[in-house]
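# Structural characterization, general
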Amino acid sequence: VILGILAVMAIPRLTNFTSFDEATYRDSVVSILSLSRQRAIASRRYVCVTVMAVTGSNAGISLSMDARTPESITGALACTAFLSLTGYPQCNSGIACPKSATVGAASFAFDPQGKPVDTSRFLLNSNPAVTVTISNQQAVTIQSRSGYAS
């Protein structure tokens, strides 16, 4: 009788790894955003972040850098230098999304001080400055003044 109850309750939970995949993906998104902020500060360049909004494995994040010095930029950002995400799952030159997750789109950059800006280099002052949604998970937010991702 006890084995029957355990089988009914435990087996469905053990065979459904969707929530684990989505939680792992959320943690990876936070790590990638922190990495891109650190990269912007260390290189004194703008680092652009693009989150593709799709359900399934075609969704993902890509990072690129504007190779020009911040002082020489007069217009919009031209983030053409692709940044590798070594050590993270790859999908379409970015971090792969689990098949089940639905991810909300976002496009922004970190300035050389690590603050989030739009592609016209205006600071994003709302708090949180950027929100990335992932189905069944707490949204990933980036704070406007610090660029901290959580």
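Look above for the structure.
Below: a short report on this structure. Just so it is clear, the model here is predicted, and its values are computed rather than measured.

So, on to the nonpolar core. Among the nonpolar cores identified, the biggest contains 25 residues, and L33, V49, I61 and F108 are the most heavily contacted of them. Contributions of two or more residues to this core are made by α2 (18–43), β1 (46–52), β2 (60–66), β6 (106–110), β8 (130–132) and β9 (140–142). Of the residues forming this core, the biggest block, six residues, is contributed by α2. If we ignore the near neighbours within four places in the chain, the residues touching V49 are L33, S36, I61, S62, L63, A106, S107, F108, A109 and F110. Among the nonpolar cores identified, the runner-up in size contains seven residues, and I73, C79, A109 and V117 belong to it.

Below, the discussion takes up the state of the cysteines. If you walk through the whole model with that rule in mind, you get one disulfide. The disulfide that involves C48 links it to C79, with 1.8 Å between the sulfurs. Taking the torsion about the S-S bond as the criterion, the C48 to C79 disulfide, at about 45°, is right-handed. Residue C48 is located in strand β1, and its partner C79 is located in the loop between β2 and β3 (81–83); the two are separated by 31 residues in the primary sequence. For the pair formed by C48 and C79, the shared burial category is buried.

With the rule as written, the count across this model stands at two salt bridges. For D66, the salt bridge goes to R68, with nearest N and O atoms at 2.8 Å. The exposure class of D66 is buried, given its relative accessible area of 1%. A residue is classified by how much of its surface remains accessible, and R68, at 32% relative accessible area, is partly exposed.

Per the stated rule, a full pass over the model turns up one aromatic pair. With a centroid separation of 5.4 Å and 80° between ring planes, the pair formed by F108 and F110 is classed as edge-to-face. A relative accessible area of 0% means that F110 is categorised as buried.

Take unusual backbone geometry next. Cis geometry marks the peptide bond from N127 to P128, where omega comes out at 5°. The residue P128 is located in the loop between β7 (116–117) and β8 in this model. For R44, which is not glycine, the phi dihedral falls at a positive 55°. Positionally, R44 belongs in the loop between α2 and β1. Located in the positive-phi region is R121, a residue other than glycine, with phi close to 75°. You can see R121 is positioned in the loop between β7 and β8. By relative accessible area, which is 25% here, R121 ends up partly exposed.

Here R44 falls in the partly exposed class, since its relative accessible area comes to 42%. Once you skip the residues sitting within four places of it in the chain, R44 turns out to touch P70, E71 and P112. A polar contact of 3.2 Å, which involves the side chain of R44, links it to the side chain of E71.

Rules used throughout
- Residues numbered from 1 in each chain as written.
- Predicted model: local features only at pLDDT ≥ 70, side-chain atom pairs only at ≥ 80, totals over all residues.
- Heavy atoms only, no water.
- Core = buried A, V, L, I, M, F, W, Y, C linked by side-chain atoms within 4.5 Å.
- Buried < 20%, exposed > 50% of the residue type's maximum accessible area, 1.4 Å probe, protein only.
- Helix = DSSP H or I, 4+ residues; strand = E, 2+ residues; numbered from the N terminus.
- Contact = heavy atoms within 4.5 Å.
- Disulfide = S-S within 2.5 Å.
- Salt bridge = Lys/Arg side-chain N within 4 Å of Asp/Glu carboxyl O.
- Phe/Tyr/Trp six-rings, centres within 6.5 Å; stacked < 30°, edge-to-face > 60°.
- Polar contact = N/O pair within 3.5 Å; in protein donor to acceptor, adjacent residues only side chain to side chain.

Distances and angles like these do not, on their own, reveal function.
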